[in-house]
Amino acid sequence: MTHTIRKATADDAGPLAELAAVTFPLACPPSSSPADIAAHLASTLSEEHFTGYLEDPDVTILVIDADGRLTGYSLLVDRPAADPDVASALELTPSVEISKCYVHPDYHGLGAAAELMHASLQAAAASGGTGAWLGVNSQNARAIRFYEKSGFRKVGTKSFRLGSTVEHDFVLERPLP
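As the structure is a computational prediction, the values presented were derived from the model and not from experiment.

## Details of the pairing of strand β7 (residues 165–175)
Part 1 of the reasoning: Sheet topology places strand β5 (residues 131–137) next to β7; 7 bridges connect them, and they run antiparallel. Bridge pairing in β7 places N137 opposite D169.
Part 2 of the reasoning: With 9 bridges joining them, strand β6 (residues 153–162) and β7 adopt antiparallel strand pairing. Residue pairing across strands places L162 opposite T165, the latter belonging to β7.
Part 3 of the reasoning: A loop of 2 residues connects β6 with β7, the two strands running antiparallel in sequence, and G163 in this loop sits at a positive phi of about 60°.

Listed below in structure tokens is the structure:
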């Protein structure tokens, strides 16, 4: 199957929400309740929210398009970190947040995530960023290993509200190419 990585368009909002419903739960701790995951999907990763992200000039969404089917996406935010824990931890500014970087589980282990991360870092650098940062759940060992292989290192911690619970994330940062 061939694929390309491209900027998302308004027509991608629905497929992005469908993909997020599959991929986001995989990043959650095993103790996360289905209700909390559903609440987060509704409040952050719905078709309506993706439409808003696509209209935001500070947001770039890249997608992996595999013969017309979206199999991965990243969402980059090019503005200063609003969370004071993140802002105080970052060493490289200006910094672009890689807010989301997910690949459908059918494509795990095939190099798609590394390609998407590479394209995301290139897009962040093209926007003028000096560094890139992201938050990752402290219990998500697989993602942490992937981000470390991608050149990120831990610089701090932050809290993340998932429905009715508060999760603890590591803040990871890396210089841009």
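## Focus on the sheet that holds β7
Part 1 of the reasoning: Read across the open sheet, the 7 strands follow the order β1-β2-β3-β4-β5-β7-β6; overall the sheet is mixed. One side of each edge strand has no neighbouring strand; the edge strands of this open sheet are β1 (4–7) and β6. Averaged over neighbouring strand pairs, the angle between their axes works out to 30° when direction is ignored.
Part 2 of the reasoning: Sheet topology note: the strand β4 (residues 95–103)/β5 ladder contains 3 bridges and is parallel. Each bridged residue has a counterpart across the sheet, and for E97 the counterpart in β5 is W133.
Part 3 of the reasoning: Set on the sheet, helix α2 (residues 34–44) makes contact with β4, β6 and β7; between it and β6 the angle comes to about 95°.

## Observations concerning the confidence of the model for the chain
Part 1 of the reasoning: Averaged over every residue, the pLDDT of the chain is 94; the share at 70 or more is 99%.
Part 2 of the reasoning: When pLDDT is averaged over each helix and strand of the chain, the minimum, 92, is found for β6 and the maximum, 98, for helix α3 (residues 47–55).

## Focus on the packing of aromatic side chains
Part 1 of the reasoning: In total, this model carries 6 aromatic pairs according to the counting rule given.
Part 2 of the reasoning: With a centroid separation of 6.4 Å and an interplanar angle of 85°, the aromatic rings of F24 and Y102 are classed as edge-to-face. One end of the pair, F24, is in helix α1 (residues 13–27); the other, Y102, is in strand β4, with 78 residues separating them in the sequence.
Part 3 of the reasoning: With a relative accessible area of 16%, Y102 lands in the buried category.
Part 4 of the reasoning: Ring pairing ties together the aromatic residues F24, F50, Y53, Y73 and Y102, which thus form one cluster.

## A short note on the pattern of salt bridges
Part 1 of the reasoning: Per the counting criterion, the structure on display carries 6 salt bridges.
Part 2 of the reasoning: Linking K158 and D169 is a salt bridge whose minimum nitrogen-to-oxygen distance equals 3.5 Å. Of this pair, K158 sits in strand β6 while D169 sits in strand β7; the two residues are 11 residues apart in sequence, bridging distant segments of the chain. Accessibility classification places K158 together with D169 in one group, the buried group.
Part 3 of the reasoning: It is possible to trace a salt-bridge network through shared partners that takes in R6, D12 and D65.

Basis of the calculations
- Residues numbered from 1 in each chain as written.
- Predicted model: local features only at pLDDT ≥ 70, side-chain atom pairs only at ≥ 80, totals over all residues.
- Heavy atoms only, no water.
- Pairing = 2+ DSSP bridges.
- Helix = DSSP H or I, 4+ residues; strand = E, 2+ residues; numbered from the N terminus.
- Axes fitted to C-alpha atoms, helices over the stretch in contact; angles between N-to-C directions.
- Contact = heavy atoms within 4.5 Å.
- pLDDT = per-residue confidence, 0-100.
- Phe/Tyr/Trp six-rings, centres within 6.5 Å; stacked < 30°, edge-to-face > 60°.
- Buried < 20%, exposed > 50% of the residue type's maximum accessible area, 1.4 Å probe, protein only.
- Salt bridge = Lys/Arg side-chain N within 4 Å of Asp/Glu carboxyl O.

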